Amino acid sequence: MFRLEFILKKLGQVAVTLFAVATFNFLLFRVLPGDPIRLLARAGRLTPEAIERLRLLFGLDKPLPIQYLYYLNNLLRGELGISMTYRRPVADILSERIANTVLLLAAATVIVVIIGVGSGVISAIRRGTRLDRSLVITSLVFWSLPTFWTGLILIILLGVYLKAFPISGIFTPGVTFSNTLDRLLDVGKHLILPTITLAIVDMGQFMLITRSTLVDVMTEDYILTARAKGLSFRKILWWHGFPNALLPIITTTALYVSLVIGGAIQVETIFSWPGMGRLMYDAVLRRDYPILEASFLLFAATMILANFLSDLFYMIVDPRVREA
Amino acid sequence: MNLNNKPEPPTEKRERRLWEHLWDDSMGRAGLLLLSLIFLISLCGPLIFKFDPKQVAKTAQEILQPPNLQHWLGTDELGRDVFRATLAGSRISLLVGLLATIISIIVGTLVGLAAGYYSGFSGNLLMRITDFFLVLPLLPLIIILAAIFGQSFFITILVIGLTSWPSTARIVRSQVLSLRERQFIERIRALGATDWRLVGVHILPNVLPLIFANTVLVIAGSILAEATLAFLGLGDPVRVSWGTMLHFAFVAGAAGRGAWWYLVPPGVGIVLVVLGFIMTGHTLDTILNPRLRDY
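Residues numbered from 1 in each chain as written. Chains lettered and ligands numbered in written order. Predicted model: local features only at pLDDT ≥ 70, side-chain atom pairs only at ≥ 80, totals over all residues.

**Student:** Lay out the overall build of chain B in plain terms, naming residues and giving numbers.
**Tutor:** Each helix and strand counted, chain B has twelve helices and zero strands in total. In chain B, the order of α-helices and β-strands from amino to carboxyl end is α-α-α-α-α-α-α-α-α-α-α-α. C-alpha extents for chain B along the principal axes are approximately 85 × 45 × 35 Å. Burial statistics for chain B: of 295 residues in total, 44% are counted as buried. Considering only contacts within chain B whose residues lie at least 6 apart along the sequence, 71% involve residues at least 24 apart. (Helix = DSSP H or I, 4+ residues; strand = E, 2+ residues; numbered from the N terminus. Buried ≥ 20, exposed ≤ 12 C-beta atoms within 10 Å, placed from the backbone. Contact = placed C-beta atoms within 7 Å.)

Below you can see the structure in the form of structure tokens.
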């Protein structure tokens, strides 16, 4: 069923792109103004001997091409450098944070897919009605909302005035939980506002894409043929329309992942959610370049992986790609 | 066969039709009116209600005041008038958005034209580069570029402009690819037109309506990108945009203190401008893609 050749070709592309991203990343952070050692030492008064030792330790006495090879070698071994502010290996810090971000993005994605695609389908089949128009306008408004601002407004409305949900962190501070269930419930409560914020902002574009592709598909000749055969509208929609509309929606995965990564940075910043996004914001404030470098690499790798998975999924769904 | 007869209607006429269609559509008209209103306010507002960033509070009571008769939209954490600051900020936000868009559209159009017109190695290489930039996550990319190259008005414009062109390049390229195979282009080529003339006089005008629709949406994206970047503390600290205002509000803990008057005005400004551009751009898209229109 799977074309091995197709998968191998895609895997090759993934490898080349990852390599290009790593190189891009290396060059970007080497054009930085200032001496990396001074940044690492942070205004501390170091003796010339200490500076020299650090220089040797980080391989900065070598020419740039050699440094590049060191860098690639370190990447392959999962060594991402040492954070300037936390004074710990970046890889350790990242591994503590990733799960929190994945949890947040997964929760938001479920809502976005269900409500976004659902309302897109409703809007497409009720095309031209008042319902369709109000759904489209709502989506355009949601699309115009800056994620961070939406979060701040929800904090004021639901957090400060109504006191309905906690507005910061992942656990209630200073509480010891008697069992796992209580602990999970507490995390769930803290998850509500960040998830709603992310979902609201990213839902709009998803709904519009679903609507326009489905409208496009439903005006195809084969839909007319299906109607001429006397099939019910339901059958036409779910057997002939929706599967074909699904294909263009799958190809927007990369766009969605980019959107949701950007959203995570903003939402985690506002709600002090201890994930990758908040880590990046703190790293920006303190100019902690090793962390910035590593998080960028990780986000880019996520995008590349998401693209690869959407290609695979496309292949499974579309027989033309599968068999050709 | 009349070779001088242009197969496409003159561009000027087509564009006038585009404007008419836009005005006839209720959403398009709403978008245009909204944008005109905002541009008018942003142009005249700061002249009538001058904002002096150095005029800070002398007493503690003047800080973070809720709206009152003297300060219609309250005061910020330094006791400055939020209403006047919002008017002044509109200019920076709009200017950054528009200038970044100009860079993005020029780069995107040039890359797209070249990638579509030259089918060989160079065209492919350009497309590979475009795809590479498309696979980079946008906000993290903008953040690290701004963090590396510094916080200033022009760097913000450059960073946003030089990262948001790939989607334009893709749209232009696919349109050029289909135009290149059309008969009238082949005829003109047979008459001995140079590449420059062919692209500049015969292909570009036919891509312009699509570029125009795309530009409107790119402006919306650029304004949102600037606001986000500035909110994260990477904006120009002197030329204060709406995003920078919201950054100061966030750092001052306006949300936790319930100071809605400090958060709502700049945010509503961003939403209205972006909504105006998105409504206009969405309508243009629908006009240029008749399948979506015919109901």
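**Student:** How would you summarise the overall build of chain A if you had to cite specific residues and measurements?
**Tutor:** Secondary structure assignment for chain A yields 14 helices and zero strands. Along chain A, from the amino end to the carboxyl end, the secondary structure elements read α-α-α-α-α-α-α-α-α-α-α-α-α-α. The C-alpha extent of chain A, read off along each of the three principal axes, is 85 × 55 × 40 Å. When the 324 residues of chain A are sorted by exposure, 35% land in the buried category.

**Student:** Go over the confidence of the model for chain A, please, and point to the residues and values.
**Tutor:** Within chain A, residue pLDDT values average 83, and 92% of them lie at 70 or more. Of all helices and strands in chain A, the one with the weakest mean pLDDT is helix α2 (residues 36-41) of chain A (61), whereas helix α6 (residues 130-144) of chain A scores best (91). (pLDDT = per-residue confidence, 0-100.)

**Student:** Outline the environment of B:Gly97, listing residues and values.
**Tutor:** All names here are of chain B. Within the secondary structure, Gly97 sits in helix α3 (residues 82-117). Residue Gly97 is classed as buried on the basis of its 26 C-beta neighbours within 10 Å. C-alpha separation for the pair Gly97 and Gly161, spaced 64 residues apart in sequence, amounts to 8.9 Å. With residues up to four places along the chain from it excluded, the contact list for Gly97 reads Ile219, Ser222, Ile223 and Glu226.

**Student:** Break down helix α2 (residues 26-48) of chain B for me, with residues and values.
**Tutor:** All names here are of chain B. An ideal rise of 1.5 Å per residue puts 33 Å on 23 residues; α2 measures up with 32 Å between its terminal C-alpha atoms. The largest bend in α2 comes to about 30°, at Ser42, with the proline Pro46 one to four residues further on. Taken together, the buried positions of α2 are occupied by Gly28, Gly31, Leu35 and Ser42. (Expected span 1.5 Å × (residues − 1). Bend = angle between axes of the 7 residues up to and from the residue.)

**Student:** How would you summarise the nonpolar core if you had to cite specific residues and measurements?
**Tutor:** Grouped together as the largest cluster of nonpolar side chains are 131 residues, with contacts concentrated most on B:Ile142, B:Ile143 and B:Leu263. Once you skip the residues sitting within four places of it in the chain, B:Ile142 turns out to touch B:Val159, B:Ile160, B:Thr163, B:Ala225 and B:Leu229. (Core = buried A, V, L, I, M, F, W, Y, C linked by C-beta atoms within 7 Å.)

**Student:** Explain the interface of chain A and chain B to me, and be specific about the residues and the numbers.
**Tutor:** At the junction of the two partners, chain A supplies 44 residues and chain B supplies 37 residues. Counting residues per element, the ones that place at least two in the side of chain A that touches chain B are α1 (4-30), α6, α7 (147-161), α8 (180-218), α11 (253-271), α12 (276-286) and α13 (289-317) of chain A. In terms of residue class, the side of chain A that touches chain B is made up of 30 nonpolar, eleven polar and three charged. (Nonpolar A, V, L, I, M, F, W, Y, C, P; charged D, E, K, R; others polar.)

**Student:** Pulling in residues and values, what's your account of the packing of helix α10 (residues 233-251) of chain A against α13(A)?
**Tutor:** Residue and element names in this part refer to chain A. Packing of α10 against α13 leaves a shortest axis separation of 9 Å and a crossing angle of 170°. On the basis of the axis angle, α10 is roughly antiparallel to α13. Of the two elements, α10 crosses α13, and the hand of that crossing is left-handed. Taken together, the residues of α13 that come into contact with α10 (itself represented by Leu246, Leu247, Ile250 and Thr251) are Ser310, Phe313, Tyr314 and Val317. The residue inventory of the contact of α10 with α13, partitioned by class, reads six nonpolar, two polar and no charged. (Axes fitted to C-alpha atoms, helices over the stretch in contact; angles between N-to-C directions. Parallel < 35°, antiparallel > 145°, perpendicular 65-115°, else oblique. Left-handed = near helix turned anticlockwise from the far one by under 90°.)

**Student:** Could you give me a rundown of unusual backbone geometry, with the residues and numbers involved?
**Tutor:** Residue and element names in this part refer to chain A. The phi dihedral of Ser272 falls on the positive side, at around 50°, and the residue is not glycine. Considering the arrangement of structural elements, one finds Ser272 in the loop between α11 and α12. In this model, Arg287 sits at a positive phi of 50°, which is unusual for a non-glycine residue. Structurally, Arg287 can be placed in the loop between α12 and α13. Take Arg287: there are 16 C-beta atoms within 10 Å of it, and that puts it in the partly exposed class.

**Student:** Account for helix α4 (residues 64-76) of chain A, with residues named and values stated.
**Tutor:** If you check α4(A), its first and last C-alpha atoms are 18 Å apart, about what 13 residues at 1.5 Å a residue would give, namely 18 Å. At the C-terminal side of α4(A), A:Gly78 shows a positive phi close to 75°.

**Student:** Residues and numbers for the confidence of the model for chain B, please.
**Tutor:** Residues and elements named next belong to chain B. Looking at chain B, pLDDT values average 83 and 92% of them are 70 or higher. Mean pLDDT values for the elements of chain B range from 55 in helix α12 (residues 290-293) up to 92 in helix α6 (residues 153-161). Scored below 50 in pLDDT, residues 1-7 makes three contacts in the model with residues more than four places away or belonging to other chains. Taken together, the chains of this predicted complex give a pTM of 0.88 and an interface ipTM of 0.86.

**Student:** Just give me the short version of the packing of helix α5 (residues 138-149) of chain B against helix α9 (residues 195-234) of chain B, but keep the residues and values in it.
**Tutor:** Residue and element names in this part refer to chain B. Look at α5 against α9: their axes get within 11 Å of each other, and the N-to-C directions meet at 50°. As judged from the angle between their axes, α5 and α9 are oblique. The way α5 lies across α9 gives a crossing that is right-handed. Seen from α5, the contacting residues are Leu139, Ile142, Ile143, Ala146 and Ala147; seen from α9, they are Ala225, Thr228, Leu229, Leu232 and Leu234. For the contact of α5 with α9, the residue count by class is nine nonpolar, one polar and no charged.

**Student:** So what's going on with the environment of B:Leu204? Which residues, and what values?
**Tutor:** Residue and element names in this part refer to chain B. Looking at the element boundaries, Leu204 is found in helix α9. Since 17 C-beta atoms lie within 10 Å of it, Leu204 is described here as partly exposed. On a C-alpha basis, the gap between Leu204 and Leu246 in space is 40 Å, while along the polypeptide they are 42 residues apart. When neighbours within four sequence positions are excluded, Leu204 is seen to be in contact with Leu113 and Val199.

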